Amino acid sequence: MSVKFDDISVGEELPPADVTVTRADLIRYAGASGDFNVIHWNERVATSVGLPGVIAHGMYTMALGGQYVSEWAGDAGAVVEYGTRFTNLVPVPDDEAGATITYSGKITKTDEAARTVTLTLTALHGGQKVLGKAIAVVRLP
Amino acid sequence: MGVNPEIVGKIYTDAPVYEVGREKIREFAQAIRSTDPVHTDPEAARALGYPDVVAPPTFAIVIAQRCEGLVMTDPDAGIDYSRLVHGEQRFTHHRPIVAGDRLTSVAHVDDARLMAGNGRVITRVEITDAAGEPVTTAVSMVLIRAEEA
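Cut-offs applied
- Residues numbered from 1 in each chain as written.
- Chains lettered and ligands numbered in written order.
- Predicted model: local features only at pLDDT ≥ 70, side-chain atom pairs only at ≥ 80, totals over all residues.
- Heavy atoms only, no water.
- Helix = DSSP H or I, 4+ residues; strand = E, 2+ residues; numbered from the N terminus.
- Buried < 20%, exposed > 50% of the residue type's maximum accessible area, 1.4 Å probe, protein only.
- Contact = heavy atoms within 4.5 Å.
- Lys, Arg positive; Asp, Glu negative; His and termini not counted.
- Charge placed at Lys NZ, Arg CZ, Asp CG, Glu CD.
- Polar contact = N/O pair within 3.5 Å; in protein donor to acceptor, adjacent residues only side chain to side chain.
- Phe/Tyr/Trp six-rings, centres within 6.5 Å; stacked < 30°, edge-to-face > 60°.
- Core = buried A, V, L, I, M, F, W, Y, C linked by side-chain atoms within 4.5 Å.
- Buried area = accessible area lost by both parts, 1.4 Å probe.
- Salt bridge = Lys/Arg side-chain N within 4 Å of Asp/Glu carboxyl O.
- UniProt positions renumbered as here; feature names shortened; annotations may be inferred.
- 1 Å grid on protein atoms, 1.4 Å probe; cavity = no way out; pocket = protein on both sides within 12 Å on 5 of 7 lines; lining within 4 Å.
- Points joined across faces, edges and corners; volume = space filled by probe spheres on them.
- Nonpolar A, V, L, I, M, F, W, Y, C, P; charged D, E, K, R; others polar.

(A) Up close: the overall build of chain A. In terms of helices and strands, chain A carries 3 helices and 6 strands. Going from the N terminus to the C terminus, chain A shows its helices and strands as β-α-α-α-β-β-β-β-β. Each principal axis of the C-alpha distribution contributes one length, and for chain A these read about 50 × 30 × 25 Å. A buried classification covers 51% of the 141 residues belonging to chain A. Once local pairs closer than 6 in sequence are excluded, the contacts in chain A between residues at least 24 apart make up 67%. Between the centroid of the 11 positive side chains of chain A and the centroid of its 16 negative side chains there is a distance of 7 Å.

(B) Just the environment of R113 of chain B, in detail. Residue and element names in this part refer to chain B. Of note, R113 is situated in strand β4 (residues 102–115). For the pair R113 and A146, spaced 33 residues apart in sequence, the C-alpha to C-alpha distance is 13 Å. Setting aside its immediate chain neighbours within four residues, R113 contacts V3, N118, G119 and R120. In this structure the side chain of R113 is engaged in a polar contact, spanning 2.9 Å, whose partner is the side chain of D111.

(C) The arrangement of the packing of aromatic side chains in detail. Going through the model one piece at a time under the given rule, you end up with 5 aromatic pairs over all chains. Cluster of aromatic residues (ring-pair linked, three or more members): Y29 and Y60 of chain A together with Y18, F28 and F59 of chain B.

(D) Expanded view of the nonpolar core. The biggest cluster of nonpolar side chains holds 77 residues, and the ones touching the most others in it are Y29, W72, V117, V138 and L140 of chain A together with F59 and I97 of chain B. What F59 of chain B contacts, discounting residues up to four positions off in sequence, is Y18, V20, K24, I25, F28 and I97 of chain B. Core analysis: the next-biggest nonpolar cluster, separate from the first, contains 6 residues, A76 of chain A together with V38, Y50 and V98 of chain B among them.

(E) Local environment of the side chain of T136 of chain B. Residue and element names in this part refer to chain B. Its location among the elements puts T136 in strand β6 (residues 134–144). Separated by 3.0 Å, the side chains of T136 and H93 make a polar contact. Excluding its chain neighbours within four sequence positions, the residues that come into contact with T136 are A60, F91, T92, H93, H94, R95, I97, V125, E126 and I127.

(F) How the structure looks around the environment of P51 of chain B. Mapped onto the elements of the fold, P51 of chain B is located in the loop between α2 (42–47) and α3 (60–72). The sequence separation of P51 of chain B and G100 of chain B amounts to 49 residues, and the corresponding C-alpha distance is 8.9 Å.

(G) Representation of the interface of chain A and chain B. Facing 30 residues of chain A, the contacting portion of chain B comprises 28 residues. For the pairing of chain A and chain B, the buried interface totals around 2400 Å² over both sides, and the portion due to carbon and sulfur atoms is 54%. The interface formed by chain A and chain B includes 3 salt bridges. Inspection of the chain A/chain B interface yields 13 residue pairs in polar contact (both at pLDDT 80 or more). Among the secondary structure elements, those contributing two or more residues to the side of chain A that touches chain B are β1 (13–21), α1 (23–33), α3 (58–73) and β2 (79–86) of chain A.

(H) How the structure looks around the pattern of salt bridges. Using the criterion set out here, one finds 19 salt bridges over all chains in the structure. The partner of R115 of chain A in a salt bridge is E112 of chain A, with the nearest N and O atoms 3.7 Å apart. Its relative accessible area of 27% is what places R115 of chain A among the partly exposed residues. Close ionic contact of R95 of chain B with D129 of chain B constitutes a salt bridge, the shortest N to O distance being 3.2 Å. With R95 of chain B in the loop between β3 (84–93) and β4 and D129 of chain B in the loop between β5 (118–128) and β6, this residue pair connects regions lying 34 residues apart in the sequence. Note on R95 of chain B: relative accessible area 24%, which makes it partly exposed. Taken together, the shared-partner salt bridges in this structure form one network comprising D6, E112 and R115 of chain A.

(I) The UniProt feature "domain: MaoC-like" (unreviewed entry) in chain A, seen in detail. In this structure's numbering, the residues bearing the UniProt feature "domain: MaoC-like" (unreviewed entry) are residues 16–121 of chain A. Annotated as residues 16–121 of chain A, this span is 31% helix and 31% strand, and its ends, taken at the C-alpha atoms, are 10 Å apart.

(J) Here's a closer look at the layout of surface pockets. Reported here for the largest pocket is a volume of approximately 1200 Å³. Around the largest pocket, the lining is made up of 45 residues, and of these N37, I39 and H40 of chain A together with L84 and H86 of chain B lie nearest the centre. For the lining of the largest pocket, the secondary-structure elements that each account for two or more residues are α3 of chain A together with α3, β3 and β6 of chain B. Ranked by the residues each element gives to the lining of the largest pocket, the list is headed by α3 of chain B, at 7 residues. When its residues are assigned to classes, the lining of the largest pocket shows 22 nonpolar, 16 polar and 7 charged. Computed from the structure, the second largest pocket encloses a volume of approximately 280 Å³. Residues belonging to the lining of the second largest pocket are distributed by class as follows: 9 nonpolar, 1 polar and 3 charged.

(K) Looking closely at unusual backbone geometry. For R115 of chain A, which is not a glycine, the phi torsion comes out positive at approximately 55°. Structurally, the position occupied by R115 of chain A is in the loop between β3 (99–111) and β4 (116–125).

Following this line, the structure appears as structure tokens:
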């Protein structure tokens, strides 16, 4: 799938997507990213520093949002700008079900000269926003 | 103490060159659940006009965080690494990162201050390729939580 700039208009919404995150996913991301902070895989240490349990890397929740946008655009190299605040923790339980994050997005701006569209992303876990002011700028053909 | 505000403006140039490998991109793409062949198949990437497999949009964090580590572990900064919380992250891609890139990164401390006992540091990592051309600008904001009274 590949979207075209001329087919996009402000206000358009991307179909939402649920992503399930388990402890195994966190360990895989830790290895891939090199972020081995103990709070992302060790319950004992996480709770000892006052966290509700093992929590997902903020960067993992951001990366999954980037993946959501790339998939929509049909070209991972098309994301020219991507930024977010980390507003809420995502505790990941030690079970098969894991934690579910729901990603959605809306076109908030288009730039004819640059052939870019600006998307505002929402990532919800348990009704709370995981990412704040999450904005991606994507260049489209 | 959260952070020493005097590190504002300091520049860190000691990060080793990062060589982007196909297998590292594949590993990262799998971790974020991508099945797009642009991350794994050089032919698929070339068909889209890229010289080799393309890194996902947040892959630059692998390179940026190594460079930022120089700031966070600088004795002058006075940062307690265990109290660090990632507050914000932004990437500006001047071009996509592809396998085969040899990337140099330089960290700039754009802001460092104390706010109600917490430290707040804004670091900008400028990533450039072997020709010195800009590839990615990665800006992070971290908080260093105050110690409990």
